[in-house]
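# Geometric and topological summary
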Amino acid sequence: MPFQPGRHFLQLPGPTNVPDRILRALSIPTNDHRGPDAVALTAECINGMKAVFKTTSEVAIFPGSATGAWEAAIVNTLSPGDKVLAFDNGQFAVQWSQVASRFGLEAELLPGDWHRGADADVLRARLREDSGHDIRAVLVLHNETSTCVTSNIASIRKAMDAAGHPALLMVDTVSSLATMDYRHDEWGVDVTVTGSQKGLMLPPGLSFNAISQKAIAASRTAKLPRNYWSWDDVRDWNRKGFFPYTPSTNLLFGLREALKMLLEDEGLDNVFARHARHAEATRRAVRAWGWQVWAANPAEYSCSATAVTMPDGFNDADLRGIVLRHFNMALGAGLGGVAGKLFRIGHLGSFNDLMLCGTLCGVEMGLELAGLPHQKGGVAAALEYLSAAV
Ligand code: PLP
């Protein structure tokens, strides 16, 4: 890419813009990860993450991407040959089930619709059939990033309870934590998975499990081998204020700053309201262009990012390429099963009204330059909404 002045617009559904405050925190000189300062840092990060997950149970922080935290959820709680259920409703949902298969688990994909969230009725019916309780875990995405469709985790929990089924409930919040309300304890989730690079406003490189007491009990008898991802090791060392290996010290400095911003300076409820408002403004722009939001059910719209359906005969790559070259903005591609069928506008993380306006301007100008059929006025529709709903 030739030199482009000004700030890059990183409008993927993550990684997201890292705000200056966090960049400065990341640049604090690395300290002794087994020295006295590390103890307070560890406690602040774990306690802050408990508040974000809304849990009083346990949180493990790993150096690693969120794929590692998927793996941690599996290897700590399950045994070879165990059966797990997932939904065939998005690229990341399918990929998580594939991680389970690679560990020798029997992963069953429940039929799903890639325009919709996980169907609690389908789950209830399948769990009722499993009278021997062979299914040991249910894997669900709170926000399926590939399609920008959410699932109602409280209703998934209700379906499991209605079926009287003891399987563990594991939820991926990689692209929803700190953008949409999430309640690990209240919704009876056993393992919540997330990563640092989206709502937490950090670079990629940290991943997390929030862990219920039921999941900890399961980990005592689970037989899959584990080393790097071992909850026991993390917990033993965290109690002393340290980690079993060298942690990503600078990312922890960044996390401490992010937690201050989310919990103290803005407040989680305001964070959620901001994301909801930007998502609504984006959808208004999309509709004014005469295009369609990919998610079929308004109750399942994502507040983190919006997937926009490509009209028949057009591919998202041209549009994204033009927007990148002309306006220095990265938009999300269609991934895996939806490659070429949609593009995604990320509006999560450290983001405000004018950043959203710039983003939508870039898309609208890109539609024009790419010669894609559309009506003008998407940006205007978003501006009208934003200025009426300040
Ligand atoms: N789960 C979801 C919902 C994601 O969006 C992603 C990545 O975007 C992942 C898991 C995998 O995360 P990572 O790329 O950090 O391993």
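Structure shown above.
Residues numbered from 1 in each chain as written. Predicted model: local features only at pLDDT ≥ 70, side-chain atom pairs only at ≥ 80, totals over all residues. Heavy atoms only, no water.

### Describing unusual backbone geometry
Glycine aside, the phi torsion of most residues is negative, and most peptide linkages are trans. Going from Gly14 to Pro15, the amide bond is cis rather than trans, its omega being 0 degrees. Note on placement: Pro15 falls in the loop between β1 (9–11) and α1 (20–26). (Helix = DSSP H or I, 4+ residues; strand = E, 2+ residues; numbered from the N terminus.)

### Section: helix α4 (residues 91–102)
Two residues of an α-helix separated by three or four positions point the same way, owing to the 3.6 residues in each turn. Spanning twelve residues, α4 covers 17 Å between terminal C-alpha atoms, matching the ideal 16 Å at 1.5 Å per step. Of the residues one or two after α4, Gly104 is the one with positive phi, at around 80 degrees. (Expected span 1.5 Å × (residues − 1).)

### Comments concerning the nonpolar core
With 52 residues, the main nonpolar core has Met49, Ile61, Leu123, Val138, Leu169 and Leu255 as its most contacted residues. Sorting elements by how many residues they give to this core places helix α9 (residues 249–266) first, with eight residues. When neighbours within four sequence positions are excluded, Leu169 is seen to be in contact with Val138, Val140, Ile153, Ile156, Arg157, Met160, Trp187, Gly188, Val189, Asp190 and Val191. Ala281, Leu319, Val323 and Leu360 belong to the second-largest nonpolar core, a separate cluster that totals 36 residues. (Core = buried A, V, L, I, M, F, W, Y, C linked by side-chain atoms within 4.5 Å. Buried < 20%, exposed > 50% of the residue type's maximum accessible area, 1.4 Å probe, protein only. Contact = heavy atoms within 4.5 Å.)

### Things to note about the packing of helix α3 (residues 66–77) against α4
It is at 10 Å that the axes of α3 and α4 come closest, and there the two elements cross at 45 degrees. Taken together, the axis directions place α3 and α4 in an arrangement best described as oblique. Pair α3 / α4 crosses with right-handed handedness. Listed contacts from α4 to Trp70, Glu71, Ala73 and Ile74 of α3 are Phe92, Gln95, Trp96, Val99 and Ala100. (Axes fitted to C-alpha atoms, helices over the stretch in contact; angles between N-to-C directions. Parallel < 35°, antiparallel > 145°, perpendicular 65-115°, else oblique. Left-handed = near helix turned anticlockwise from the far one by under 90°.)

### A short note on the site of the ligand
Taken together, Ser65, Ala66, Thr67, Trp70, Phe92, Leu141, Asn143, Thr145, Asp172, Val174, Gln197 and Lys198 make up the full set of residues adjacent to the ligand. Between the ligand and Thr67 there is a distance of 2.5 Å, counted from an oxygen atom to a side-chain nitrogen or oxygen. Here Thr145 contributes a side-chain N or O atom positioned 2.5 Å from an oxygen atom of the ligand. Against a free-state accessible area of 390 Å², the protein chains account for coverage of 85% of the ligand. The dominant element in the shell around the ligand, judged by the number of residues it contributes, is α3, at three residues. Here the shell around the ligand is composed, by residue class, of five nonpolar, five polar and two charged. (Near = heavy atom within 4 Å. Polar contact = N/O pair within 3.5 Å; in protein donor to acceptor, adjacent residues only side chain to side chain. Areas by Shrake-Rupley, 256 points an atom, 1.4 Å probe, with all protein chains shown as cover. Nonpolar A, V, L, I, M, F, W, Y, C, P; charged D, E, K, R; others polar.)

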